[in-house]
Each structure stands twice: as structure tokens, then as C-alpha cells.
Amino acid sequence: MGINLVYSNPHTVQKLLTEIADHIAPHCPETPRLDAEVLLAEVLGTDKAGLYRSFHDLVPVFARNRLRELVQRRIKKEPISYILGRKEFWSLVFSVGPDVMVPRPDTEVLVEEALRAVPLETRCSILDIGTGSGAIAVALAKERPAAIITATDISASALETAKRNAALNHVTAITFRHGDLFDPVRDREHNFDLIVSNPPYIPTDETSRLPKGLRDYEPYSAFDGGPDGLALYRRIIREAPRYLKADGILMVEVGYDQSTAVSNLIREAGGFRPPETVRDLSGLERVVKAQMERL
Ligand code: SAM
């Protein structure tokens, strides 16, 4: 397969799909056909169904030129979501770029669990620490319109993206604050019914072994969790009681092998009832939650 052939000769959607997938496969062997479909659909301004409806149509030259750029980015292992500039999460569309980590389906477990804890019509107060793209905060705001939500991040540029995503999804109930963990809410002691966070949790010496797409494109400060991956949990668990109401709940996403360690940190910290864990669809414990112990 010659790349020049792909972009210079008249090609049908069908033929181009096969050629792009063959071109991508040696570099990104995971899902080359799907990548080809997504990229071609993008340049044609359609979706997968539309692509297959026009299977035998010729692809115009302008689309093939644009496609060349996108395929070149993909073969350098840039994640598809950054190439498209968007990612679907909780059936909502989020704008994503190099300043924010791409929201992962795993994190929907945390959203589901948070929704279980927050009754529909209550004016409860929620804090999302390390909001990144705003995925968790915006999903919660959509589902719980009466909630008052504060979202923080240490990255000012991430917060800008999060604000954009709130606007994109017509959400106005989120206050965004910039700073390190609880610093932006120092004035809000015992104010929150629920604190949620999906902090960075990859141990530092494992970060160099992460897939290239993640390592090279996603912000380092969004995944480096310190020497043992637990640095941010320690700080969040130590400080959360000061910001939670008497029966408030702390809920964090954890790495696939971290639920025991994080549960132990909560037990050792004291002030919480025994922690509980929640599994994702593949059976991994993905969320650790604990309610404050009423004194
Ligand atoms: N909440 C988003 C999600 O679930 O998709 C992003 C999660 S990402 C794993 C972690 C986020 O925490 C990043 O946006 C990063 O900038 C932020 N972060 C890292 N260290 C932080 C700190 N000390 N204080 C506040 N935010 C921090």
C-alpha cells in the first residue's frame, strides 16, 4: 500500500478505509480499522453509519488532504480524542486538548456512585478535586441540577477547558477555582456533602512505561501520583474531614490495584466510617468511598 496512492487517486470510501487502516496498523495496532473509520467520518462530516451508507462514493480531494494530516498524527500515536479535539463521556461531548487528560469510561463508575449518594432534588454541595476536562463535575451538574458544585484544578489551563465544557453542555451551576487540592476552598470548612476526585495515581517510576500515546500526549501532572502512586490520596484523605459536613462522603477513583491501600489510608486517618469499594464492569475495584463518622 502506498500512501501517495491513497491521497492522489480517486478513491471510494470503502477503498480508502482499507488503505488507511493498513497504513495505521503497523504504528497503532490496537484498533486501526476503527481509527480509519473515525478519521474518515470526521473529514467527511458524518458518522460511522453515514460512512457505510456512502461506501461506494468517491471521497473528494479536500477531504483526502485533511485526512492526510489526521492520519499522520495518528501514526505518531496521538490519541484519537486529541486529534478530534473531543471525547464523549457520560453521553456528553467534552472538548479535550493537551491541557487535560482524556476522560476515561472507568470514571463513569465514580459518577454513578456519586449520583447514588446525591438525592435528585437536594441542594447538596459537591467538590470535585482535579477536575481536568470537567468531566465529573459537568456530568454531575447535568444529572443533579439542584446541586451546587465547586471544581478545582492545579492547572489553570485545564480549568479553562473545564469552563468551556460546562458552557458547551449548558451547565451554569459549577464554580471553578484554581489551586492545589483544598487551597481554593480554604474558606469552605465543613461545607461539602460530597467530595469526589480522580487524582493522578500512577507511581512515578511506572510513568515511563505507560503507553506512548498517554506518556507523550496527556499532561504529566494528570497521571503522576508520586513515588507509590498514593501521594495525592494521602493528602486528600488527611484534609477532607475539615471540608466535609458531619455526614459528608469522600469518594475517589483508584487504580486497578490500589483499593486496599487507599481503604487502609482512610482507616488509618480516622474520622470516617469503614470504607467501601465499588467495582467496575470488569470486576475491578475502581472507587473507594467513606462517609464521615458522626460524633
Ligand atoms: N477529573 C478528570 C477526569 O476524571 O477525567 C481529570 C482527572 S486527571 C487523572 C487528574 C487531574 O488532577 C488533572 O487535571 C490534574 O491537573 C489535577 N491535579 C493534579 N495535581 C493536583 C493538585 N495538587 N491539586 C489539584 N489538582 C491537581
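The structure displayed is predicted, hence computed values, not measured ones.

Novice: Whenever I open this one, unusual backbone geometry confuses me. Can you help?
Specialist: A negative phi holds for most residues other than glycine; trans holds for most peptide bonds. With a phi angle near 60°, histidine 170 is a residue other than glycine that sits in the positive phi range. We note that leucine 181 has phi near 35°; this positive angle belongs to a residue other than glycine. Note on placement: leucine 181 falls in the loop between β5 (174–178) and β6 (192–197).

Novice: Teacher, can you tell me more about helix α12 (residues 259–269) here?
Specialist: Structurally, the α-helix is built with 3.6 residues per turn, so residues lying three or four positions apart point the same way. Buried within α12 we find Ser259, Val262, Ser263, Leu265 and Ile266. Down the axis of α12, the buried set is contained in an arc of 155°. They therefore lie on one face. For α12, the exposed residues set more than 90 degrees away from the buried face come down to Thr260, Arg267 and Glu268. For α12, the secondary structure elements touched by its buried residues are α11 (231–243), β7 (244–253), β8 (276–279) and β9 (285–291). Backbone geometry just after α12 places glycine 270 at a positive phi near 75°.

Novice: Teacher, can you tell me more about the sheet that holds strand β3 (residues 125–129) here?
Specialist: Adjacent strands of a sheet form backbone hydrogen bonds with each other and so pair up, either parallel or antiparallel. Spatial strand order, β5-β4-β3-β6-β7-β9-β8: 7 strands in an open sheet with mixed pairing. Strand pairing shows two members of the sheet lacking a second neighbour, β5 and β8, which therefore form its edges. Direction aside, the axes of adjacent strands within the sheet are offset by 20° on average. With 5 bridges connecting them, β3 and strand β4 (residues 148–153) associate as parallel partners. By the bridge assignment, isoleucine 126 is partnered in β4 with isoleucine 149. Across the face of the sheet, helix α7 (residues 107–117) comes into contact with β6, β7, β8 and β9 while running at roughly 160° to β7.

Novice: How should I be thinking about the nonpolar core in this particular structure?
Specialist: For soluble globular proteins, the rule of thumb is that nonpolar side chains tend to be buried together. Ranked by internal contacts, the top residues of the largest apolar core, which has 34 residues, are Ile126, Leu140, Ile174 and Val196. Of all the secondary structure elements, the ones that give two or more residues to this core are β2 (92–95), α7, α8 (135–143), β4, α9 (156–168), β5, β6 and β7. Ranked by residue count, the leading element in this core is α8, at 7 residues. Non-local contacts of valine 196, meaning those with residues more than four positions away in its chain, are made with Leu110, Ala114, Ile126, Leu127, Asp128, Ile129, Ile136, Leu140 and Met251. Tyr201, Leu210, Val252 and Phe272 belong to the second-largest nonpolar core, a separate cluster that totals 30 residues.

Reading guide: rules and limits
- Residues numbered from 1 in each chain as written.
- Predicted model: local features only at pLDDT ≥ 70, side-chain atom pairs only at ≥ 80, totals over all residues.
- Heavy atoms only, no water.
- Helix = DSSP H or I, 4+ residues; strand = E, 2+ residues; numbered from the N terminus.
- Buried < 20%, exposed > 50% of the residue type's maximum accessible area, 1.4 Å probe, protein only.
- Arc of directions from axis to C-beta.
- Contact = heavy atoms within 4.5 Å.
- Pairing = 2+ DSSP bridges.
- Axes fitted to C-alpha atoms, helices over the stretch in contact; angles between N-to-C directions.
- Core = buried A, V, L, I, M, F, W, Y, C linked by side-chain atoms within 4.5 Å.

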